[in-house]
Amino acid sequence: MSTQAPASPEPCDLLVTGDTVFTLDAGSRVLKDGAIAVRDGLIVDIGPAAELAVRWTPARTLDGHDRIVMPGLVNVHNHTPLMITRGMIEDIGFAPMYTPGIPQGHWLTEDDAYALSRLGMYELLRAGCTTVVDYYRYPSSCARAAAELGLRAVIAGRVHDADPAALATGRYEHKTAIGQASLAENAELIARWNGHDGGRIRCDWAPHAPDTCSDDLLREVGRLAEAHGGNVHTHLSQLPLEVEAVQARSGVTPPQLLDKLGLLNDRLIAAHCIHMERPDIELCGKAGITVAHAPIGNAKGGRIAPIVELREAGARIALCTDTFSGDLIEAMRWAISMQRINRQGNVLDARTVLGWATRDGAEAIGLGDTVGSLEVGKKADLVMLDASAPSLAPLVDGYGVLVHSASGHDVDTVVIDGKVVLAGGKPTLADGAAIARDAQAVARQQWNRAGRDVIG
Ligand SMILES: [Zn+2]
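1. Some points on the coordination of the zinc ion
Ideal geometry at a metal gives 109.5 degrees between four tetrahedral donors and either 90 or 180 degrees between six octahedral ones. Protein coordination at the zinc ion: the donors are His77 (NE2), His79 (NE2), His235 (NE2) and Asp322 (OD), at 2.0 to 2.6 Å from the metal. In terms of primary sequence, the donors binding the zinc ion are separated according to H-x1-H-x155-H-x86-D. With histidine 235 in strand 10 (residues 232-236) and aspartate 322 in the loop between strand 13 (316-319) and helix 14 (328-343), this residue pair connects regions lying 87 residues apart in the sequence. Aspartate 322 carries the same exposure label as histidine 235, and that label is buried.

2. Description of the domain arrangement of the protein chain
In terms of domain boundaries, the protein chain breaks down into domain 1 (10-71 + 373-427) and domain 2 (73-364). Its C-alpha centre places domain 1 at a distance of 30 Å from the equivalent point of domain 2. Counting residues at the interface gives 31 residues for domain 1 and 24 residues for domain 2. Buried surface at the junction of domain 1 and domain 2, summed over both partners, amounts to about 2,400 Å²; 63% is from carbon and sulfur atoms. For the interface between domain 1 and domain 2, the tally reads two salt bridges. Taking the shortest distance from any N to any O, the salt bridge between aspartate 417 and arginine 152 comes out at 2.8 Å. Where domain 1 touches domain 2, the interface holds nine residue pairs in polar contact (both at pLDDT 80 or more). Only strand 5 (67-71), strand 14 (382-386), helix 16 (399-404), strand 15 (411-416) and strand 16 (419-423) provide two or more residues apiece to the side of domain 1 that touches domain 2. The element that contributes the greatest number of residues to the side of domain 1 that touches domain 2 is helix 16, accounting for five residues. Partitioning the side of domain 1 that touches domain 2 into residue classes produces 18 nonpolar, nine polar and four charged.

The rules behind these values
Residues numbered from 1 in each chain as written. Predicted model: local features only at pLDDT ≥ 70, side-chain atom pairs only at ≥ 80, totals over all residues. Heavy atoms only, no water. Donors = N, O, S within 2.8 Å, 3.2 Å for Na, K, Ca; no water. Helix = DSSP H or I, 4+ residues; strand = E, 2+ residues; numbered from the N terminus. Buried < 20%, exposed > 50% of the residue type's maximum accessible area, 1.4 Å probe, protein only. Domains from an automatic or database assignment. Contact = heavy atoms within 4.5 Å. Buried area = accessible area lost by both parts, 1.4 Å probe. Salt bridge = Lys/Arg side-chain N within 4 Å of Asp/Glu carboxyl O. Polar contact = N/O pair within 3.5 Å; in protein donor to acceptor, adjacent residues only side chain to side chain. Nonpolar A, V, L, I, M, F, W, Y, C, P; charged D, E, K, R; others polar.

Structural data, given as structure tokens:
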């Protein structure tokens, strides 16, 4: 929607042009030779480039010749410090917290977590992700990394009272001291980082999973989250081990347990939702939870979540990469392919899944009025892809190529809050090569401790 044409051009901070602009607004407008005017971090005008050139005098212009412009991607579940397991965990386990023989979260120092989180944030940005939900141990390190690289982020701690050392060998030992320490860490994060930089960094609560948190801890985190507002982030029905442990402990399934404790509602962002039978699917759908769908992780674990059934039952679907890679574009096509295998039919399309990775993800985390599409009044969070890349031709309806053929490597420029945070594929606020080097040094030390030689 264009604003009223002023009598003479008005100043703005930034004018972004593009050969093709995917707005992902309610009408799914696609603009040929489009432009976006930005002032004070907000989109103040969007429409044909020729019209905006008359209306605005920008302090800076991003030339969109050979560029496709789209909203920044929203990744609703991730753990940047777990980048340390990437390239190994895929073949030796599934969820790192349950896998022996790999670096353990409780081995890391705060500095280690920060170095790894910077790598994860850099990779996300490089692949066009502008908003990420990230939670792990030392969450303040994740908040600091996101703040420094310029990402919009929802950060939380990793609340649990199961002893991770015992869990890595398949035993559940719930300890009050561990639970209280993880609650304190999440509370400190909120006190220190919630609302940072005009709200670019927000903090929430994240109980790790129904099996790694006792009933008492889940009740307590539920009370704290209710008082805090925002979302509650968790892993749900991720592994057979989790389902069996909750059944043995409480006599119910993981979704039934969360329902009993008051956590199963439309504020819950539940990653995975893989091991669910019909009653669980209906319960989650009725509660209106958001499923943070991690198709690549599902595939590597050997079973796909019933997201089509969950959606039909009333759940919201949003997308995530969860640990393995920061490329949400790749995750989009995996989501489609996995469901086609699972359902033996063409049950999903590119437009729907692009919506999950943008608007629906933003709505799930309470940012539906702020980001997720390119519209006047929203934050200027956008991505420019190199339209001259061979993977982006031919452009017919555009959605198909973006989802089925593009990759994070086609991202050239990223703007968040109206600021250019990635240019020419390089972060503008940090040294990308130094980030990769620092993370490698941490990985070398930690994998050596796990008994592995490291070639890098
Ligand atoms: Zn996860």
